[in-house]
Amino acid sequence: MLTYILSFLPLSDQKEASLVSRAWYCAAQNALQETNVQYNIPVSSASLPAIKSLGLRGITGIGLTNLDDSPASHQVLESVAYHLGPNLQSLCLSGGSPTEASFVALLLGCPALRILDLSGCNSLFTSGTLLAQPETAQRVRQVLRGLCELNLAGLRDLTDLSFNRLSSCAPNLERLSLAYCHLTFELGPARGSLGPPDSSPSQLSFHNLLRFVKQRAGRLRALDLSGTGLLPEALKALGQVVGLQLKELSLHGCQDLSTEAVATLCRLQSGLTSLDLSGCSDLADGALLAISRDLGHLQRLRLRKLQRLTDAGCTALGGLRELHSLDLAECCLVSGRGLVQALGSGHRAPAPLASLSLAYCSSLQDASVFSLIPVLGLSLRVLDLSSCVALTNRTLQAICTFLTHLSVLRLAWCKELQDWGLLGLGEPTEEPTQGPQVLQFPELRQLSLSLLPALTDKGLVAVARGCPSLEHLVLSHCSLLSDEGWAQAASSWPRLQHLNLASCGQLTEQTLDTIGQACKQLRMLDVAMCPRISMAAVRHFQAQLPQVTCIQSRFVGGADLTLTL
């Protein structure tokens, strides 16, 4: 029963609950075995006892950091295969440099693997001989028959041959990422055909990828081709694959894509529930019209940095009645009026948005936000208005009044915000009759208020009292904050894990002492460019809380020296 109850809590609260008693500890460990929890393990001999302990608990998801070809890494991989391998379903080796032999040995010890992340593991593909031996490939195929998701992002040495060898060992793949791999596109003799007739041992060709997609069309559900330079003709060819029914597609940074190609894709892949077209700079309002017309089941849409997108295009979003997450950051022509019209249109209830980003939308005004807030509904949990420089304290007051259920709020560089907005007061000339009515965000986990030049200790204390559940807090470049403010605020944040105080020039080691006594769950502290906090003070702080990673830097002789402890 305890395990069931704890499963409803956020991860940080589950960890806290595990300290109550032995029974609660065991219940929390069971709850933490959920498949969406990944344990990140640094590769060193000191991690071997932890690996054995995790194996006894039947952990199903891990990530290995600092992995290389050293004997210590080889020893850790052997331990992972022996203790964790039988139950392991998710394995992340991102950015590591294991040897081919140790990698294969690890795979052979993980027969239940469903998710494999090899992004940035270039050492495995440099020689071009991975899985070249038929006997080895056959053994790996036996253990990877249940693999559903494969991440090969950022592999500069991936070729057709190495991709074919690895993908052939995973016949049941549903999700594939080749983001930021160098895809080559060659026009064949027939007009409109792409690629040479044969796969290449020296390059990764779109022709070979298209052949793979055709072979796996009945099972493939998610593709990430971000940063591959995908051409309009290639996108159309993907959409036209017979039997392909994609649910998720990411094309971030594919700058050559045209509105026509996106419209064709939407018409042919109408079952998409997640689409990322961020940074596809040639796209305009017509693309959004096609998305709204043909993708009626879309739940997640990212359109960051589409600088040709206007309010007229945003009005089409009203047709996306299942949309949960919308990202329009850096769309400089979007003022919010079209979004208000879209979400408030018709007689049906608005889309149940849980996440909305309008960061860096410099045209966004208070009036649009005032109109937008009532139609967002109680489902909204994440709101990012970073660098919307025209917003004032009136917007903040509206957020504090109507969106108190938020878990993430980002207001960095909304430079017009001042203390009286955070305190829920009227204009500074108006005096409260019964003390300040502090903002209240009881569920807020992440808050960014960096680069707010007018934020003072009074505002800091208001945030502390109104946001007791904060785990991530960014206050960098808030130059008016002082030790006195932190002396009053720190005790309200026992759950704080990540704290950024970079370039808060008035803070001294007194603030470090205050934080060290009040914030025992802290994991990361950034005090870079805080001139009144010395290296010795940082070392003393870390001696008190050895689990904390501290970042400090200062200008010495004209150079910026950064130290991570």
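- Identification of the protein chain as Leucine rich repeat containing 29 from Ursus maritimus is taken from an unreviewed UniProt entry.

Digging into the overall build of the protein chain
And step 1. In terms of helices and strands, the protein chain carries 21 helices and 22 strands.
And step 2. The globule rule puts the C-alpha radius of gyration for 565 residues at 24 Å, and the 26 Å found for the protein chain is close to it.
And step 3. Referenced to the eigenvectors of the C-alpha coordinate spread, the extents of the protein chain come out at roughly 80 × 60 × 60 Å.
And step 4. A sequence separation of at least 24 residues applies to 76% of the contacts in the protein chain between residues at least 6 apart.
And step 5. Within the structure as shown, the protein chain displays about 24,500 Å² of accessible surface, and the carbon and sulfur contribution to it stands at 53%.
And step 6. Taking the average location of the 42 positive side-chain charges in the protein chain and that of its 44 negative ones, the two points are 7 Å from each other.

A short note on the state of the cysteines
And step 1. Within the structure shown, the criterion is met by zero disulfides.
And step 2. For the unlinked cysteine C414, the closest cysteine sulfur is that of C388, found at 5.6 Å.

Quick look at the packing of aromatic side chains
And step 1. According to the stated counting rule, one finds four aromatic pairs in the structure shown.
And step 2. On the numbers, 5.1 Å between centres and 85 degrees between planes, the contact of Y4 with F8 is edge-to-face.
And step 3. For F8, a relative accessible area of 60% translates into the label exposed.

Re the packing of helix α11 (residues 259-268) against helix α12 (residues 285-294)
Angle between the axes and distance between the axes are the two parameters that describe a pair of packed helices.
And step 1. Relative to each other, α11 and α12 sit at 5 degrees, their axes nearing to 9 Å. Overall, the two elements α11 and α12 adopt an arrangement that is roughly parallel. Judged by residue contacts, T259, V262, A263, C266 and R267 of α11 engage G286, A287, A290, I291 and D294 from α12.
And step 2. Each residue belonging to the contact of α11 with α12 can be placed in one class, and the counts come to six nonpolar, two polar and two charged.

Comments concerning the side chain of S102
And step 1. Topologically, S102 is positioned in helix α6 (residues 100-108).
And step 2. You can call S102 buried: its relative accessible area is 6%.
And step 3. Residues contacting S102, with those up to four places away along its chain left out, are H74 and L77.

Notes on the environment of T259
And step 1. For T259, the position within the fold is in helix α11.
And step 2. Residue class for T259 comes out partly exposed when judged on its relative accessible area of 24%.
And step 3. C-alpha of T259 to C-alpha of G286: the two residues are 27 residues apart in sequence and 6.3 Å apart in space.
And step 4. Sequence-distant contacts of T259, defined by excluding residues within four places in its chain, comprise D282, L283, A284, G286 and A287.

Points about the pairing of strand β1 (residues 39-42)
And step 1. Residues Y39 and I41 of β1 are buried on one face, while the alternating residues N40 and P42, pointing to the opposite face, are not.
And step 2. Sheet topology note: the β1/strand β2 (residues 61-65) ladder contains four bridges and is parallel. Note that in β2 the partner of N40 across the bridge is G63.
And step 3. Regarding topology, helix α4 (residues 48-56) serves as the crossover connection from β1 to the parallel β2, and that connection is right-handed.

Description of the pattern of salt bridges
Pairs may arise between side chains of opposite charge once their charged atoms sit close together.
And step 1. Enumeration over the complete set of coordinates arrives at 13 salt bridges.
And step 2. Between R300 and E248 there is a salt bridge; the shortest N-O distance is 3.7 Å. Remark: E248 occurs in strand β10 (residues 248-250) and R300 occurs in strand β12 (residues 300-302); sequence separation between them is 52 residues.
And step 3. Given a relative accessible area of 33%, R300 falls into the partly exposed group.
And step 4. Taking relative accessible area as the criterion, E248 reaches 21% and is therefore assigned partly exposed.
And step 5. As a salt-bridge pair, R302 and D276 come within 2.9 Å of each other at their nearest N and O atoms. You can see R302 sitting in strand β12 and its partner D276 sitting in strand β11 (residues 274-276), a full 26 residues away along the chain.

Side note on unusual backbone geometry
And step 1. A positive phi angle, close to 60 degrees, is found at Y180, a residue other than glycine.
And step 2. Summarising the element assignment, Y180 is placed in the loop between β6 (175-177) and β7 (183-184).
And step 3. Despite not being glycine, W413 shows a phi value in the positive range, around 60 degrees.
And step 4. Here W413 lies in the loop between β16 (408-410) and α17 (419-422).
And step 5. Here W413 falls in the partly exposed class, since its relative accessible area comes to 32%.

With respect to helix α15 (residues 366-376)
And step 1. Buried residues of α15: D366, S368, V369, L372, I373 and L376, and no others. One face of α15 carries all of its buried residues, which in axial projection span an arc of 145 degrees. Facing away from the buried side of α15 by more than 90 degrees, the exposed set consists of A367 and P374.
And step 2. Those residues of α15 that are buried lie in contact with α14 (337-343), β14 (355-357) and α16 (393-402).
And step 3. Where α15 ends, the next residue or the one after it, G377, has phi of about 85 degrees, a positive value.

Examining helix α20 (residues 509-518)
Spacing of three or four residues puts side chains on the same side of an α-helix, whose turn is 3.6 residues.
And step 1. Among the residues of α20, T511, L512, T514, I515 and G516 are the ones counted as buried.
And step 2. The secondary structure elements touched by the buried residues of α20 are α19 (483-489), β19 (498-500), β20 (524-526) and α21 (535-544).

Describing the nonpolar core
And step 1. In terms of nonpolar packing, the biggest core is built from 167 residues, with L152, L301 and W486 touching the most fellow members.
And step 2. Aside from chain neighbours lying at most four places away, what touches L301 is L275, L288, I291, L317, L320, L323, S325, L326 and D327.

Calculation notes
Every chain is numbered on its own, with residues counted from 1 as its sequence reads. Two thresholds apply to this predicted model, a pLDDT of at least 70 for residue-level local features and 80 or more for giving and counting side-chain atom pairs, whereas whole-chain, interface and lining totals are computed over all residues. The basis for the side-chain values is all heavy atoms of the structure; hydrogens and waters are excluded. Secondary structure elements follow DSSP: runs of H or I no shorter than four residues count as helices, runs of E no shorter than two count as strands, and numbering proceeds from the N terminus. For a compact globule the rule gives 2.2 Å times the number of residues to the power 0.38, and the radius of gyration it is set against comes from C-alpha atoms. Only heavy atoms enter the contact rule, under which two residues are in contact if any of them lie within 4.5 Å. Residue burial considers only the protein chains on display, and all accessible areas are found by Shrake-Rupley using a 1.4 Å probe. Charged residues are defined narrowly, with Lys and Arg counted positive, Asp and Glu counted negative, and His plus the chain ends left uncounted. Positions of charges follow a simple convention, taking NZ of Lys, CZ of Arg, CG of Asp or CD of Glu. Cysteine sulfur pairs qualify as disulfides if the two atoms are within 2.5 Å. Ring pairs are drawn from Phe, Tyr and Trp, using the six-membered ring of Trp, whenever the two centres fall within 6.5 Å, and their geometry is named by plane angle: stacked under 30 degrees, edge-to-face over 60, tilted for the rest. A 1.4 Å probe rolled over the protein chains alone gives each residue an accessible area, and that area as a share of the maximum for its type sets the label: buried under 20%, exposed over 50%, partly exposed in between. In this analysis, axes come from line fits to C-alpha atoms, helices being fitted only over the stretch in contact, and the angle between any two N-to-C directions falls in the range 0 to 180 degrees. Our angle categories are set so that under 35 degrees counts as roughly parallel, over 145 as roughly antiparallel, 65 to 115 as roughly perpendicular, and the remainder as oblique. Basically, the charged four are Asp, Glu, Lys and Arg, the nonpolar ten are Ala, Val, Leu, Ile, Met, Phe, Trp, Tyr, Cys and Pro, and anything else, Gly included, counts as polar. Between any two strands, pairing holds if DSSP finds at least two bridges. Clockwise travel from the first strand over the helix to the second, with the strands pointing away from the viewer, marks a crossover as right-handed. What counts as a salt bridge is simple: a side-chain nitrogen of Lys or Arg found within 4 Å of a carboxyl oxygen of Asp or Glu. Read the arc as the range of directions from the helix axis to the C-beta atoms. Side-chain atoms within 4.5 Å link the members of a nonpolar core, which is a set of buried Ala, Val, Leu, Ile, Met, Phe, Trp, Tyr and Cys residues.

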